[in-house]
Amino acid sequence: MNTLDSMKNQLAPTGLYRLDGTTAVDFELASYAAGFEPIRRDLLALQTESYAATACGYGLRSKERVFALTPRGDTESQREALLRLCAVRRGSCTKEGIESALSALGLSVRLEEDPANLKIIAHFLSPPACGETAAKKKLEIFCPAHLLVELDFSGIS
């Protein structure tokens, strides 16, 4: 429904206006609608771009920047990665949850918990495409701040 139809539908039940397309009120509403329609379209686009599940343009790119994701040509794989990264809920801050988030960032790791030494060891299963330094930064973002993060690249063949 466009802006003009919406305004007419809101006014019709009052019975105050004829709204048959020939009155001064019809022309005034058409004038208002012409000004409001671009704003309505922009607000609908903003709403669409605000959520990872529906974003397809600037919303997707801005979320990629927030999570330091490398832009890829495949929008759906980026959306899937963003949905996994944004899926914070009760019980998601576990070893498996962190491994899933790191996987969404393109890091193939198996985490080992070492509570006695207050650290997490990240065993890389494949070389990180972003490089070891960037991989360490990504790990530090998602691992608990009170634990040390140790990287292990010995399992990569």
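It should be emphasised that the depicted structure is a prediction, and the values quoted were computed from it without experimental measurement. Note that residues are indexed from 1 along each chain, following the sequence as it is written. For a predicted model such as this one, the threshold for reporting local features is a pLDDT of at least 70, and the threshold for listing and counting side-chain atom pairs is 80 or more; totals across whole chains, interfaces and linings nevertheless cover every residue. Neither water nor hydrogens contribute to the side-chain values; these are computed over all heavy atoms in the structure.

(A) Focus on the pattern of salt bridges. What counts as a salt bridge is simple: a side-chain nitrogen of Lys or Arg found within 4 Å of a carboxyl oxygen of Asp or Glu. Throughout the structure, instances matching the rule amount to 8 salt bridges. Between Glu76 and Arg79 there is a salt bridge whose closest N-O contact spans 3.3 Å. Of the two residues, Glu76 and Arg79 both sit in helix α4 (residues 75-85), 3 residues apart, roughly one turn of that helix. The closest approach of N and O atoms between Glu150 and Lys119, which form a salt bridge, is 2.7 Å. Of the two residues, Glu150 is situated in strand β3 (residues 148-152) and Lys119 in strand β2 (residues 119-124); the sequence distance between them amounts to 31 residues. It is possible to trace a salt-bridge network through shared partners that takes in Glu37, Arg40 and Arg41. Every helix listed is a DSSP run of H or I at least four residues long, and every strand listed is a run of E at least two residues long, numbered separately from the N terminus.

(B) Structural detail: the confidence of the model for the chain. On a scale of 0 to 100, pLDDT captures the predictor's confidence in every residue. When pLDDT is averaged along the chain, the result is 87; 97% of the residues meet or exceed 70. The least confident element of the chain is α4, whose mean pLDDT is 81; the most confident is helix α2 (residues 24-49), at 95.

(C) Just the sheet that holds β3, in detail. By this definition, two strands are paired if DSSP reports at least two bridges between them. With respect to topology, 3 strands assemble into an open sheet ordered β1-β2-β3, the strand pairing being mixed. Because the sheet does not close on itself, it has two edges, and the strands there are β1 (109-114) and β3. Neighbouring strand axes in the sheet, compared pairwise and without regard to direction, differ in orientation by 25° on average. Pairing geometry for β1 and β2, over 6 bridges, is antiparallel. In the strand pairing of β2, Val109 is matched with Phe124. The criterion used for residue contact is that any of the two residues' heavy atoms lie within 4.5 Å. Helix axes are fitted to C-alpha atoms over the stretch in contact, other axes to C-alpha atoms as well, and angles between N-to-C directions run from 0 to 180 degrees. Each of β1, β2 and β3 is contacted by helix α6 (residues 132-142), which is oriented at about 145° to β3, the strand it contacts most.

(D) The arrangement of the pairing of β2 in detail. Relative accessibility under 20% of the residue-type maximum defines a buried residue, over 50% an exposed one, and the middle range a partly exposed one, all with a 1.4 Å probe and only protein chains included. Taking burial as the measure, the 6 residues of β2 include 6 buried ones, the bulk of the element. Across the two faces of β2 the burial is the same, with Lys119, Ile121 and His123 and Ile120, Ala122 and Phe124 all buried. Hairpin remark: β1 followed by β2, antiparallel, with 4 residues in the connecting loop; positive phi at Leu118, about 50°. Pairing analysis gives 5 bridges linking β2 to β3, with the strands arranged parallel. Along β3, the bridge assignment pairs Ile120 with Val149. With strands facing away from the observer, any crossover in which the path from the first strand over the helix to the second runs clockwise is taken as right-handed. In this fold, the crossover linking β2 to β3 by way of α6 has right-handed handedness.

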